[in-house]
Structures are given as structure tokens and as C-alpha cells.
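Observations on the model geometry
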Amino acid sequence: MRNKKRYYRKFDLDVPREEVERIVRECSDPEKYSHSVLAGPYTPPDVDDLTGRTLAFRGEEKDFDFRFTGLNDVWFKEAGAEEKRCFVNVKTLDGEVYFVNFLVPGYAASRQITLSPDLKTGCATVVDAHIGTEHSNIDVDRDFYFGRLEGDFAGGTLHGFTTELVGKSIIWDYGPKIIKIKHIYNCDIYYTYKNLTEFGTWMACNPADYVKIRDGLFLFSFVEERQVGLQAVFLIDLGRMHDIGSFYGVSGGHFTSACIGAVGEMTDPNTIA
């Protein structure tokens, strides 16, 4: 007997590089790329906590400076390059660890920087992403950089890759009439997610990375490799069961770099529900 509970899905995954660049170019206004249908009531508002400050990130491979001049204004500089003004989203759940997300202008296929600084310890992570990999024009590729902020901070263990989320599963709720998604953190380099639609249940397994910020606080990121190549980055607070995240990439003729948020509930990783 065939099991007809599965929702059959098949995607044409890739598009020409020229198409990616056209879509990015036509969506270059923040009003077009910085909004998401998942940005419901659990998405924290932008805050101006960092306005007037410069965060100088010093990593093993990269040096970055972030000069915040307004609620949605940051000047970004890396070693050997000119300073660039960027539209930025700055969000936090606790007033100590922040989620900073912006696009760097001047790149045909775009470049997104996500900074997660801990202003208590002075430790920080930067996710430096762009559209296009050696295998696909539409998939997002990225690098993770771990470092410290210059200044007077308490100090602590440098952020780094972790397996502490592996074996756990969380149902993330984006708000009434939006969506609930179940994340299953399978192993150190993959995760699975499940969605229940009107057509039935479907699941997907995608490449993922897990970074420990401090006890109970993690960066979790994936790329929808077997779908449309979008990257997601989430700052997950297991104490509050709340996250802040962003989606980045090209999908359905639209370009996005938008922040979202959800509340979570621990659940059984071995079941669909």
C-alpha cells in the first residue's frame, strides 16, 4: 500500500548568474528587500542601543569596524577598504547580545553581514555571506569569523562551532495565521525541518552550522540547498525560547535580506508533530 501522506515537491533549483544580478539590482531599496512575511508579532523591534558606538571586531582572519550613526544606519569598514554606509537592522532579546544584519553596497550578487556581538564579554561572531557558490548561482555561500571587540569588556570564551543543540528539536511559532516550523537538529553539519501544509506534511534536510555564543545562547544557520538556496541565521535563546533571525537570498524573482522572530517550544525530534 502506498503512503499518500507525503506532499510531493520538485524545484528547478538554479537560475543564470545574470538573473540573480538583475533581481538584486531591481530590489536594491531596503523597502523592497528588508521585509518578510514571517516578521510577525514575535519579531523584536529595531533598537538604537548601539547608536553613537563603534564596534571594532578583531578576528583571526578578518578585522571589521561597525560605526553606528542611527537607528538604521551603520558605517562598515574592513581592513584595506573604504568605509561604506549601510541600512542596518539592530535587534536584541536581552540588551547584552545583539543581532545586527545589513547588506554591503557595491556587490553585483550582493553581500550580507550578520554580526552577533556579546557586549558583556566582548566576544563576537560575523557571518559574511554572498549569493553564488561553486555549484550554484542561486545558493548562498558564507564564512564564519570568530573574534573579540576592542574595548573594556569582561572577557570570556571565544565563540565557536558546537554540537550542544544536536539531538534537540523545537517548534518555532511566527505568529497567528503565519506559520509553525519544526526544526530537528540532527547532527553537527545538517538539520531537518518539517512543515504541515494543506497538501500534507513535508520535510527537508539542509546543511547547517551551529555556533555557541554563551550558555543557552546559540547562532544557528542553514542554507536551503535542495530548495532555492536561501540562507537563514538565527540567534536562539533557549532560556526565553525566543529567537531573532534573518533570511537572505533570491527566491521567486525577489531578493530578500529581512529580519524575523519566533517563539519556540521543545518537542520530540523523533516524530512528525
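Let me sum up the structure you'll find in this document. (Residues numbered from 1 in each chain as written. Predicted model: local features only at pLDDT ≥ 70, side-chain atom pairs only at ≥ 80, totals over all residues. Heavy atoms only, no water.)

1. Some words on the nonpolar core
If you look at the biggest cluster of nonpolar residues, it comprises 26 residues, and the most contacted ones within it are Y185, Y191, F220, F222, F234, I236 and F247. By residue number, the principal contributor to this core is strand β13 (residues 200-214), which donates 4 residues. Formed by 24 residues, the second largest nonpolar core is a distinct cluster that contains F64, V88, V90 and L119. (Core = buried A, V, L, I, M, F, W, Y, C linked by side-chain atoms within 4.5 Å. Buried < 20%, exposed > 50% of the residue type's maximum accessible area, 1.4 Å probe, protein only. Helix = DSSP H or I, 4+ residues; strand = E, 2+ residues; numbered from the N terminus.)

2. Details of the pairing of strand β10 (residues 169-173)
The buried count for β10 comes to 4 of 5 residues, which makes it a mostly enclosed element. Two elements, β10 and strand β11 (residues 180-187), share 5 bridges in a ladder whose sense is antiparallel. Bridge pairing in β11 places W172 opposite I181. From the end of β10 to the start of β11, which pair antiparallel, there are 6 residues, and G175 there has a positive phi angle of about 130°. Judged from the 4 bridges that link them, β10 and strand β17 (residues 254-266) form a sheet pairing that is antiparallel. Residue I171 lies in a different strand from β17, and its bridge partner there is E265. (Pairing = 2+ DSSP bridges.)

3. Side note on unusual backbone geometry
Backbone geometry places K177, a non-glycine residue, at a positive phi of 65°. Although it is not a glycine, M241 sits at a positive phi angle of roughly 50°. Mapping M241 onto the fold places it in the loop between β15 (231-237) and β16 (242-251).

4. A word on helix α1 (residues 17-26)
When α1 is considered as a whole, its buried residues turn out to be V20, I23 and V24. Axial view of α1: buried residues confined to an arc of 100°, hence all on one face. Along α1, the residues that are exposed and aim more than 90 degrees away from the buried face are E18 and R25. Looking at the packing, one finds that the buried side of α1 touches β7 (123-131), β16 and β17. (Arc of directions from axis to C-beta. Contact = heavy atoms within 4.5 Å.)

5. Notes on the packing of aromatic side chains
For the coordinates displayed, the defined rule picks out 23 aromatic pairs. Judged by centre distance (5.6 Å) and plane angle (45°), the ring pair of F66 and F76 falls under tilted. In this pair, F66 is assigned in strand β2 (residues 63-70) and F76 in strand β3 (residues 73-78), connecting sequence segments 10 residues apart. Both residues of the pair, F66 and F76, belong to the buried class. Between Y210 and F220 the ring centres are 5.3 Å apart and the planes differ by 35°, which places this aromatic pair in the tilted class. One end of the pair, Y210, is in strand β13; the other, F220, is in strand β14 (residues 217-223), with 10 residues separating them in the sequence. Judged by relative accessible area, Y210 falls into the buried class, the value being 1%. Among the residues examined, F220 registers a relative accessible area of 0% and is labelled buried. (Phe/Tyr/Trp six-rings, centres within 6.5 Å; stacked < 30°, edge-to-face > 60°.)

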